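Coordinates in review
Letter by letter, the chains look like this.
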Amino acid sequence: MRIVFALVVLLVMASLPFWVSAYILAVLTVAYYFGVFAMAWDLLFGFAGEVNFGPTFLIGLGAYTAGLLDNHGVPVWLDVIAGALAAVIGGLVLALPALRLRGPYFGLITLVAVLVLQQVIVIFAGVTGGEIGLTINDVLSVDPGHNYWLALVFLMVSGVILYSLSRSAAGLILQACGQDAIEAQALGFNVAKHKLAAFAVSALFSGLAGAMLVFYLGTASVDTVVDISVGVQIIIAAVLGGRRTIVGAAIGAVFLIVAGEILRPLGQLNTFVVSAIALAVILFFPDGLVGYLLRRGERA
Amino acid sequence: MTTPLLEVAGLTKRFGGLVAVKNLGFAIAAGEILGLIGPNGSGKSTAMKLIMGIERANAGSVRLAGREIVSWPTHRIARAGIGLVFQHSRPLHRQTVLENIKLALLPDSLFHLAAETSVDARARAIGERVGLGAVLDRHPTTLPFADLRRMELAKAIARDPEVVLVDEPFAGLTMAEVESFSALIRSFREEGKAVLLVDHNVKGVAALVDRVLVLYLGERIAEGKAEAVMRDETVRRVYLGGAIETHARAIAPEKSGVALLKVEDLTVFYGKAQALARVALEVHEREFVSVVGLNGAGKSTLFNAISGLVPYSGGINWQGTALAGKTPAAIARGGIAQCPETRELFGDMSVQENLDLGGQRQPPAERADRLAWLYDLFPILKSRSKQLARTLSGGEQQMLAIARALMMNPRLLILDEPTLGLAPVILEQLSKALERLRETTPITVLLGEQNVTFALPHADRVYVLEHARIIWQGPPDRFAAEAGAGYL
Ligand SMILES: Nc1ncnc2c1ncn2[C@@H]1O[C@H](COP(=O)(O)OP(=O)(O)OP(=O)(O)O)[C@@H](O)[C@H]1O
Ligand SMILES: [Mg+2]
């Protein structure tokens, strides 16, 4: 039943370019990249038990690395790979010392990392474009349909990989490390190693998605890929969709972006309404939308 | 004797000014069980954590089959062949029992994506072996206490270490359960493992071990065959204490017209499972009432219903007025204090702060008196007054939970399994304290226990709770003859 339903949804999603406007495709394309951001975040929080308040540090590293290299004439595919690698390296450099800290300190460090990255971008405005942003000349494709499909395939592939990972034996070990590090160690698991690996995987997908997103948008700017508020949105999306479900994070992200777009005519009120909806869902369904459905499914 | 598998020498651990383990040394051969006993806070769990690398030793050496491992990280020590069954169960709550056991079978690899089907089969087999066959697909939170302990043993079996450290496996278990756990631990010996066993169930330990080592204030004070050690004068004084005496009252408390607490027709469901079925019970002013029942019989559910922590149908009346619909806080203010089995201490607050919170509503002078009295009753709490509750030993935490409930100066004190994890000598002290309370204050006590040697001596009346129902009630002297099977 579930498989059939998923296949139908997938078919509908894949067929959208044939019957919806370029505008809708554009919104969904961005939403899909956000879906990957949120899933990558959920791997860290939901499974490794680490709250990363700075997903945009990883995303920003990927985005700006790719953008800057492109401005220096490096081919697009290499930029994207380099962006992903930069995110992984930057993520590891950050996580290596931060994971040693207990409690909320890891989260604080990730938060500070975002602020530092933001400052660096502003200070080196000559290279990075500063507040205005970095204009990127190359594109993944000029066709909105192709761009949409690319984002969709990327979302699906990332989703399958991250989901399988979370359900795998390594995923079980990761959950143990997240829930009770001492117990996990006493069972013979190198907790630091597993958490670092999770961080690297999360960084890889965040960086990859960040790099691809800037080529789609044609610009890399602090407001779109680095600002704290972007990170907050990703976190809300993951929690809204359902922690520890991976799939839920993607659904939450698409929901949030699409809702923001539909309510855009409200102007300033838009953010308020979307936040209120998110808050209500979190209050009444603390397990998120997907978590709630799963639980009801179990009971039935 | 063969060369020892585990050799500990000069092991020392300081926490600030406190020396928790002092120059400890012993050796365990393959196929040998060494018992480690001692009062609460004597350093038994700390010694185990030092061997496991969870706490870092200030000095000393730990050798596994001749190899020095004292500075290794925990996971490496675990892989080298040492397993620890923690004093407090540490299940992964979001995973099923089967997944919890499976986890212990996995290698420490990042790239181990698909567990072989053999892992599943082995996890099931181990689950069956420890008696968890029927609950493999449940989540740990829904398991009764003994099953949680079984799951911890299952994990140790799954890890298949050469050296097994078992911390208080018998605490909170019934006699039948102690028997089946002993059989499992005995099988470790037959498999040629070296076992270090800590427990306050002296009979259970003596029946199982080849040798006993006694710790007191972090130091060894005796070692040898169980019978000889148990006869040792110092060991008797600091650890075993005397037998718990029956404190039958000369005059039974007068039963006034209205019961202080009256429970009628109390029924509680957890989902589909019935935890209490039409339970009726009465407690009169100044009475001591014991509710005796095996694990999972429903004692904690009964107490939690009285404290307003679980929804129920039926009536609970306090001095004639219904408690239904009142918040737990209001019920507590009304004079009912519960010392829950789960302790519910504020882990990041000090001992003193926990006690002060308990005495918050008392007038300052009375509060100071009570505090002095409680510190007199549990001297070790006084010496730990600045320490965070989280870092107390298991027994010290239990003492703190009891002391905090007493600080509230309740009219009705509910004690849920107060003996859990307490050394015999402390049980004796607690028993005397309860007697003194009874003689000198108007307190009323409702005591839940499966340890009848503790529950009976203090009781004016006894209820037996079995499978969610009250099946017997009467005076303690008739208990042995009429309801004692399975408890005595
Ligand atoms: N992290 C810590 N900081 C300060 N003191 C500690 C810490 N951990 C343990 N202690 C103290 O060290 C002493 C030994 O504790 P340990 O847990 O080893 O006792 P135990 O012999 O296992 O007692 P029990 O029988 O009650 O379980 C206790 O008095 C405890 O309060
Ligand atoms: Mg202990």
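By convention here, each chain's residues receive numbers from 1 onward along its written sequence. Whichever chain is written first is A, and whichever ligand is written first is 1; the rest continue in order. Side-chain atom pairs in this predicted model are given and counted only at pLDDT of 80 or more, local residue features only at pLDDT of at least 70, and totals for whole chains, interfaces and linings cover all residues. The side-chain quantities take in all heavy atoms of the structure and omit both hydrogens and water.

Once that is clear, we can look at the overall build of chain A. A helix here means a DSSP run of H or I that spans at least four residues, while a strand means a run of E at least two residues long, and both kinds are numbered starting from the N terminus. Regarding its fold elements, chain A presents 15 helices and two strands. A compact globule built from 300 residues should have a C-alpha radius of gyration of about 19 Å, and chain A, at 19 Å, falls within 12% of that. Projecting the C-alpha coordinates of chain A onto the three principal axes gives extents of approximately 55 × 45 × 35 Å. Here the term buried applies to any residue with accessible area under 20% of the maximum for its type, exposed to any over 50%, and partly exposed to those in between, with areas from a 1.4 Å probe on protein chains only. Residues classed as buried in chain A amount to 51% of the 300 residues present. Accessible surface is estimated by sampling points in the Shrake-Rupley manner with a 1.4 Å probe; for residues, cover comes only from the protein chains shown. Total accessible area on chain A is roughly 13700 Å²; 73% of this is exposed by carbon and sulfur atoms. Our radius of gyration looks at C-alpha atoms and nothing else; its globule reference is 2.2 Å times the residue count to the power 0.38.

Let us now look at the side chain of asparagine 52 of chain A. Residue and element names in this part refer to chain A. Within the secondary structure layout, asparagine 52 lies in the loop between α2 (22-47) and α3 (55-71). Whenever two N or O atoms come within 3.5 Å, that pair is a polar contact, provided that in protein one can donate a hydrogen and the other can accept it, and provided that, for residues adjacent in sequence, both atoms are side-chain atoms. A polar atom in the side chain of asparagine 52 sits 2.8 Å from the backbone nitrogen of glycine 54. Discounting chain neighbours no more than four positions away, the residues touching asparagine 52 are Trp41, Leu44, Leu58, Phe106, Thr110 and Ile235. Residues count as neighbours in contact if any of their non-hydrogen atoms are within 4.5 Å of one another.

Here the focus is the site of ligand 1. Residue and element names in this part refer to chain B. The local shell around ligand 1 holds 22 residues, among which Ser45, Thr46, Ser393, Gly395 and Glu396 are the closest. Contacts to ligand 1 include serine 393, whose side-chain N or O atom sits 2.7 Å from an oxygen atom. In isolation ligand 1 offers 640 Å² of accessible surface; the protein chains occlude 90% of this area. Elements with a minimum of two residues in the shell around ligand 1: β2 (18-28), α1 (44-52) and α15 (394-407). Of the residues that constitute the shell around ligand 1, the class distribution is five nonpolar, 13 polar and four charged. Delimitation of the domains relies on an automatic or database domain assignment. There are two domains that each give the shell around ligand 1 at least three residues, and those are domain 1 (6-240) and domain 2 (253-487). Definition of nearness: a residue and a molecule or strand are near each other if at least one heavy atom of the residue lies within 4 Å of the molecule or strand. Under the grouping applied here, Gly and all other residues not named as nonpolar or charged are polar, the nonpolar ones being Ala, Val, Leu, Ile, Met, Phe, Trp, Tyr, Cys and Pro and the charged ones Asp, Glu, Lys and Arg.

Stacked, tilted and edge-to-face are the three classes assigned to paired rings of Phe, Tyr and Trp, where Trp is represented by its six-membered ring and a pair needs centres within 6.5 Å; plane angles under 30 degrees give stacked, over 60 edge-to-face, the rest tilted. Tallying each qualifying case throughout the model produces eight aromatic pairs over all chains. Ring centres of phenylalanine 34 of chain A and phenylalanine 37 of chain A lie 5.3 Å apart, and the angle between their planes is 70°; on these two criteria the pair is classed as edge-to-face. One end of the pair, phenylalanine 34 of chain A, and the other, phenylalanine 37 of chain A, are both in helix α2, three residues apart, so they sit about a helical turn from each other. Of the two residues examined, phenylalanine 34 of chain A and phenylalanine 37 of chain A, each falls in the buried class. Only when the NZ of Lys or the CZ of Arg is both within 6 Å of the ring centre and within 35 degrees of the ring normal is a charge said to sit over the ring. A cation sits over an aromatic face here: arginine 76 of chain B above tryptophan 72 of chain B, 3.7 Å from the ring centre. Above the ring of phenylalanine 288 of chain B, the side-chain terminus of arginine 438 of chain B is found at 5.5 Å from the ring centroid.

Another point: the pattern of salt bridges. Residues and elements named next belong to chain B. Here, a salt bridge means any side-chain nitrogen of Lys or Arg that lies within 4 Å of a carboxyl oxygen of Asp or Glu. All chains considered together, the criterion is met by 27 salt bridges over all chains. When the shortest N-O distance is used, the salt bridge between lysine 22 and glutamate 219 registers 3.6 Å. Taken together, the residues lysine 22 in strand β2 and glutamate 219 in strand β10 (residues 219-224) connect sequence positions 197 residues apart. Among the residues examined, glutamate 219 registers a relative accessible area of 36% and is labelled partly exposed. Residue lysine 102 is joined to aspartate 120 by a salt bridge in which the shortest nitrogen-to-oxygen separation is 3.0 Å. Here aspartate 120 lies in helix α4 (residues 117-129) and lysine 102 lies in helix α3 (residues 97-105), a separation of 18 residues in the sequence. Overall, aspartate 120 belongs to the partly exposed group, its relative accessible area being 23%. The structure contains a network of salt bridges with shared partners spanning Glu32, Arg211, Arg220 and Glu223.

Bringing the domain arrangement of chain B into the picture now. All names here are of chain B. The domain architecture assigned to chain B consists of domain 1 (6-240) and domain 2 (253-487). Centre-to-centre separation of domain 1 and domain 2, based on C-alpha positions: 30 Å. Each partner contributes to the interface: domain 1 provides 21 residues, whereas domain 2 provides 20 residues. Of the roughly 1500 Å² buried between domain 1 and domain 2, counting both surfaces, carbon and sulfur atoms make up 57%. Where domain 1 touches domain 2, the interface holds zero salt bridges. Taken together, the connections running from domain 1 to domain 2 amount to six residue pairs in polar contact (both at pLDDT 80 or more). Considering every element that reaches the side of domain 1 that touches domain 2, the biggest residue donor is helix α9 (residues 233-240), with four residues. Each residue belonging to the side of domain 1 that touches domain 2 can be placed in one class, and the counts come to eleven nonpolar, seven polar and three charged. Using a 1.4 Å probe, buried area is obtained as the accessible area two parts lose upon being combined, added over both of them.

The next subject is the coordination of the magnesium ion (ligand 2). Residue and element names in this part refer to chain B. Around the magnesium ion (ligand 2), the protein contributes the donor atoms Ser45 (OG) and Gln87 (OE1), at 1.9 to 2.2 Å from the metal centre. Within this pair, whereas serine 45 is found in helix α1, its partner glutamine 87 is found in the loop between β6 (82-85) and α3, the two being separated by 42 residues in sequence. By relative accessible area, serine 45 is classed as buried at 18%. Coordination here is defined by N, O and S atoms within 2.8 Å of the metal (3.2 Å for Na, K and Ca), and since water is not considered, a site can look incomplete.

The next point concerns the side chain of histidine 200 of chain B. Residues and elements named next belong to chain B. Considering the arrangement of structural elements, one finds histidine 200 in the loop between β8 (194-198) and α7 (202-208). Given a relative accessible area of 10%, histidine 200 falls into the buried group. Looking at histidine 200, its side chain comes within polar contact range of the side chain of asparagine 40, at 3.3 Å. Here the side chain of histidine 200 touches tyrosine 239 through a polar contact of 2.9 Å, side chain to side chain.

Counting residues at the interface gives 26 residues for chain B, matched by 23 residues for chain A. Across the interface of chain B and chain A, roughly 2400 Å² is buried in total on both sides, 61% from carbon and sulfur atoms. Looking only at chain B, the three residues that lose the most surface to chain A are Arg94, Leu103 and Leu110 of chain B, adding up to 25% of its buried area. The tally of links between chain B and chain A comes to three salt bridges. Note that glutamate 183 of chain A is salt-bridged to lysine 155 of chain B, the shortest N-O span being 2.5 Å.

Counting 110 residues, the largest nonpolar core has Ile101, Leu103, Phe378 and Phe479 of chain B as its most contacted members. Split by domain, the residues of this core number at least three in each of domain 1 (6-240) and domain 2 (253-487) of chain B. Residues within four places of isoleucine 101 of chain B in sequence aside, it is in contact with Ala123, Ile126, Gly127, Leu132, Leu136, Ala154 and Ala158 of chain B. Put simply, a nonpolar core is a bunch of buried Ala, Val, Leu, Ile, Met, Phe, Trp, Tyr and Cys residues held in one set by side-chain atoms that sit within 4.5 Å of each other. Residues Phe37, Ala95, Leu196 and Ile234 of chain A belong to the second largest nonpolar core, which totals 83 residues.

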